[in-house]
Amino acid sequence: MGQRKYPPLKHREVVAIVLALGFKVIRVASTHEQYERPAQGTRPRCLCTVENYDDFEQKMIKNLMGQCLCSREDFYGATPQTAKKI
């Protein structure tokens, strides 16, 4: 069986990716955390909400990539640990 296009990620891996992409924590609630990356050059300001799930599957990962305005390669390649998954 081949590799999955969007391998599952743990919560700590998703947080590490978001931080590596240049986001900063702006709000923490019991069910989620919100991150912001300010506008820079032609790149617009982004908000990203990470739910407090243990495991992130394909649908949630694709949603996060859309919020972060990044490609699959940029998202998974943000940290050395997740880059090994693709």
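Rules of the game
Residues numbered from 1 in each chain as written. Predicted model: local features only at pLDDT ≥ 70, side-chain atom pairs only at ≥ 80, totals over all residues. Heavy atoms only, no water. Pairing = 2+ DSSP bridges. Helix = DSSP H or I, 4+ residues; strand = E, 2+ residues; numbered from the N terminus. Axes fitted to C-alpha atoms, helices over the stretch in contact; angles between N-to-C directions. Contact = heavy atoms within 4.5 Å. Patch = residues over 30% accessible without salt bridge, like charges linked within 9 Å, V, L, I, M, F, W, Y side chains within 5 Å. Areas by Shrake-Rupley, 256 points an atom, 1.4 Å probe, with all protein chains shown as cover. Salt bridge = Lys/Arg side-chain N within 4 Å of Asp/Glu carboxyl O. Core = buried A, V, L, I, M, F, W, Y, C linked by side-chain atoms within 4.5 Å. Buried < 20%, exposed > 50% of the residue type's maximum accessible area, 1.4 Å probe, protein only. Disulfide = S-S within 2.5 Å.

Colleague: Where do I start with the sheet that holds strand 3 (residues 32–37) in this structure?
Modeller: Sheet strands pair by backbone hydrogen bonding; their relative direction is either parallel or antiparallel. Here three strands make up an open sheet; going across it, the order is 2-3-4 and the pairing antiparallel. Every other strand in the sheet has two partners, leaving strand 2 (24–28) and strand 4 (46–51) as the edge strands with one partner each. Looking at each pair of strands side by side, their axes are set apart by 30° on average, direction ignored. Summarising the sheet, strand 2 and strand 3 pair through four bridges and their orientation is antiparallel. Looking at the pairing, Val28 lines up with Glu33 of strand 3. Its contacts with the sheet place helix 1 (residues 11–20) against strand 3 and strand 4, and it is angled at close to 170° to strand 4. Relative to strand 4, helix 2 (residues 58–68) is tilted by about 155°, and along the sheet it contacts strand 3 and strand 4.

Colleague: Can you walk me through a nonpolar patch on the surface in this structure?
Modeller: On the surface, a cluster of nonpolar side chains totalling about 270 Å² of accessible area is made up of Leu19, Val25 and Val28. Position of Val25 among the secondary structure elements: in strand 2.

Colleague: Sorry if this is basic, but what is going on with the nonpolar core here?
Modeller: Nonpolar side chains tend to gather and get buried jointly when the protein is soluble and globular. Membership of the largest hydrophobic core comes to 20 residues, with the highest contact counts inside it found for Val18, Phe23, Cys48, Val50, Cys68 and Phe75. Contributions of two or more residues to this core are made by helix 1, strand 4, helix 2 and helix 3 (72–76). Not counting the four nearest positions on each side in its chain, Phe75 is found in contact with Leu9, Ile17, Leu21, Ile61, Leu64, Met65, Cys68, Cys70 and Thr82.

Colleague: What is the right way to read helix 1 from this model?
Modeller: Since the α-helix advances by 3.6 residues per turn, residues separated by three or four positions end up pointing in the same direction. Among the residues of helix 1, His11, Glu13, Val14, Val15, Ile17 and Val18 are the ones counted as buried. Remark: Gly22 follows helix 1 within two positions and exhibits a positive phi of approximately 100°.

Colleague: What is the right way to read the state of the cysteines from this model?
Modeller: One covalent bond between the sulfur atoms of two cysteine residues makes up a disulfide. Enumeration over the complete set of coordinates arrives at zero disulfides. Free of any disulfide, Cys46 has its nearest cysteine sulfur in Cys68, 7.1 Å distant.

Colleague: Looking at this structure, how should I read the pattern of salt bridges?
Modeller: Pairing between side chains of opposite charge can happen when their charged atoms approach one another. Taken as a whole and assessed by the stated rule, the structure comprises four salt bridges. When the shortest N-O distance is used, the salt bridge between Lys10 and Asp55 registers 2.6 Å. Residue Lys10 is found in strand 1 (residues 9–10), and its partner Asp55 is found in strand 5 (residues 55–56); the two are separated by 45 residues along the sequence. Given a relative accessible area of 39%, Lys10 falls into the partly exposed group.

Distances and angles like these do not, on their own, reveal function.
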